[in-house]
Amino acid sequence: MKEKELRRSMSVFPIGTVIKLTDLSARQIRYYEEQDLIHPQRSEGNRRMYSLNDIDVLLEIKDYLAEGINMAGIKRIYELQEKEKEEKSRQSEKTLTDDDVRKILYSEFLSISGLSPKDKNKLMNNPFRNQH
DNA sequence: ATTCTAACA
DNA sequence: TGTTAGGA
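On a predicted model such as this, the values are computed, not experimentally measured, just so you know.

Engineer: When you look at the protein's contact with DNA strand C in this model, what are you seeing that I'm missing?
Structural biologist: Looking at DNA strand C, the residues that line it are S25, R27, Q28, Y32, R47 and L65. Across the atoms of DNA strand C situated within 4 Å of the protein, the share located in sugar and phosphate is 29%. Measuring from a base oxygen of DNA strand C, one finds a side-chain N or O atom of R27 at 2.8 Å. Between a phosphate oxygen of DNA strand C and a side-chain N or O atom of Q28, the distance comes to 2.8 Å. For the surface near DNA strand C, the leading source of residues is helix α3 (residues 26-34), giving three residues. Here the residues of the surface near DNA strand C sort into two nonpolar, two polar and two charged.

Engineer: Help me out: how do you make sense of the protein's contact with DNA strand B in this one?
Structural biologist: Every residue near DNA strand B is listed here: P14, I15, G16, R27, R30, R42, N46, R47 and R48. Each atom of DNA strand B within 4 Å of the protein was assigned to sugar, phosphate or base; sugar and phosphate come to 76%. The backbone of G16 places a nitrogen or oxygen atom 2.7 Å from a phosphate oxygen of DNA strand B. Take R42: an N or O atom from its side chain is 2.8 Å from a phosphate oxygen of DNA strand B. Mapped onto the surface near DNA strand B, the elements with two or more residues apiece are α2 (15-22) and α3.

Engineer: Before we go on, may I ask you to explain unusual backbone geometry in this structure?
Structural biologist: The general pattern is negative phi for most residues beyond glycine and trans for most peptide bonds. The backbone of D23 sits at a positive phi, close to 65 degrees, despite the residue not being glycine. Looking at the element boundaries, D23 is found in the loop between α2 and α3. Backbone geometry at D36 places phi at a positive 60 degrees, although glycine is not the residue there. Take D36: it is sitting in the loop between α3 and β2 (41-42).

Engineer: Sorry, what's going on with α3 here?
Structural biologist: Side chains that are three or four residues apart share a direction in an α-helix, a result of its 3.6 residues per turn. Those residues of α3 that sit buried are A26, I29, Y32 and E33. All buried residues of α3 lie within an arc of 130 degrees about the axis, which places them on one face of the element. In α3, the exposed positions that point more than 90 degrees away from the buried face belong to R27 and E34. Among the structural elements, α2, β2, β3 (48-50), α4 (52-66) and α5 (71-113) are those in contact with the buried residues of α3. Directly after α3, the chain includes D36, whose backbone phi takes a positive value near 60 degrees.

Cut-off values and rules
Residues numbered from 1 in each chain as written. Chains lettered and ligands numbered in written order. Predicted model: local features only at pLDDT ≥ 70, side-chain atom pairs only at ≥ 80, totals over all residues. Heavy atoms only, no water. Near = heavy atom within 4 Å. Polar contact = N/O pair within 3.5 Å; in protein donor to acceptor, adjacent residues only side chain to side chain. Helix = DSSP H or I, 4+ residues; strand = E, 2+ residues; numbered from the N terminus. Nonpolar A, V, L, I, M, F, W, Y, C, P; charged D, E, K, R; others polar. Buried < 20%, exposed > 50% of the residue type's maximum accessible area, 1.4 Å probe, protein only. Arc of directions from axis to C-beta. Contact = heavy atoms within 4.5 Å.

Here it is, written out as structure tokens:
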């Protein structure tokens, strides 16, 4: 399910297409970029190229606007989301760290027991059985 | 034909 | 936010 995110983040739409898809004006779309709500890439000719993710955000902004939320409020919403992502990123790192610790303990266990990885199934009480 | 930046009768 | 000028 990683391929999907990659496609959604590919910048392939010129602003004209985004205008038709979102019904927002070019002025508005560029302004929201200025507010760091979207980050379209630039083509060779300095033209903005938008991704599906950018379009999703623009549509969300359009909804917030319809609900009477101003730019300051919308910016806060996305600032909070970024802070939440940062925390999840840290948790992800800690999970990977725990996994690394397990691998280290495993290799140390093999080293101390004097066995090669191929001999692991010969052990009756190997705490690392079925984990690799 | 489209999009870009900058500026404002 | 709209609109327009002048360039790419």
